[in-house]
Amino acid sequence: MKILYFILFIAAFNTVSAQPGTLGLFETQMDIGHPKNPGSAKYDAVTHTYMLKGSGYNIWFNRDEFHFLFKKIKGDFTATANFDFIGPTGNGHRKIGWMLRESTDEKSIHISAVSHGDGLTVLQWRSLTGENMKDPEGEIFFPEKLFEVVQLQRIGKRIIMRVGHVGEPLVTVGAHEMDNMPEDALLGLFICSHDPEVTEEARVWDVHIDQPAVK
């Protein structure tokens, strides 16, 4: 009888831990900038996989539209994950990746480690609230394409992007000093279709957010 109770307890625990609606490492999900089509984010606690859906005209100019799955974070961190679009080929400028953002305001300052639909990898940023993002002054392009692993790291005010293939060492795309980014900020996964009429879907897995031990 005790064994039966133990089995039932374990089954109940597993059911609760895998309930839909949990956001894994993150705290909140929402659409930024009121895209035409609502987005969503789901976490599978069994496979440790995040499924993102999102629309939005772009993450550019002086305002953004996208879906954001995020948590509040303070201080230095290293965020790493594998990213992959799902479904038929969409707009070559559709975007997924990591974002560090001051707020959920559509005009917020941010810096993003971006993987595009055509495989382009870019570190891009908005340094002032409501400022038009600048091309090419506000971005760093990597000459190679089609990486699965994307990493965003913060050390003080310095933000670093790295990319790589699974099982291989990461290479640095570039770094930028975000002098206006507060120590308390929003870190998360994002998806943008680059087409207001379209909703894109992506899979994100092997997600890690590491922070140095508090002294």
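Values in this document were obtained by computation on a predicted structure and should not be read as measured data. (Residues numbered from 1 in each chain as written. Predicted model: local features only at pLDDT ≥ 70, side-chain atom pairs only at ≥ 80, totals over all residues. Heavy atoms only, no water.)

Participant: With reference to specific residues and values, describe the sheet that holds strand β15 (residues 184-192).
Facilitator: Strand order in the open sheet formed by 7 strands is β1-β6-β15-β8-β9-β10-β11, with antiparallel pairing between adjacent strands. The open sheet has two free edges, formed respectively by β1 (28-32) and β11 (139-141), since each of these has just one partner strand. Within this sheet the neighbouring strands show an average axis-to-axis angle of 20 degrees, counted without direction. (Pairing = 2+ DSSP bridges. Helix = DSSP H or I, 4+ residues; strand = E, 2+ residues; numbered from the N terminus. Axes fitted to C-alpha atoms, helices over the stretch in contact; angles between N-to-C directions.)

Participant: Please provide a residue-by-residue account of the sheet that holds strand β12 (residues 149-155), values included.
Facilitator: With antiparallel pairing, the 7 strands of this open sheet are ordered in space as β2-β3-β16-β7-β12-β13-β14. Two strands lie at the open edges of the sheet, namely β2 (40-44) and β14 (171-177), each paired on one side alone. For this sheet, the mean inter-axis angle between neighbouring strands, taken without regard to orientation, is 25 degrees. In the sheet, strand β7 (residues 77-86) pairs with strand β16 (residues 200-210) via 8 bridges, with the strands oriented antiparallel. Along β16, the bridge assignment pairs N82 with W205.

Participant: Describe the confidence of the model for the protein chain, naming the residues involved and giving the relevant values.
Facilitator: Averaged over all residues, the pLDDT of the protein chain equals 91, while 89% of them reach at least 70. Note on residues 1-20: pLDDT under 50 across the span, and 3 contacts to partners over four residues away in sequence or across chains. (pLDDT = per-residue confidence, 0-100. Contact = heavy atoms within 4.5 Å.)

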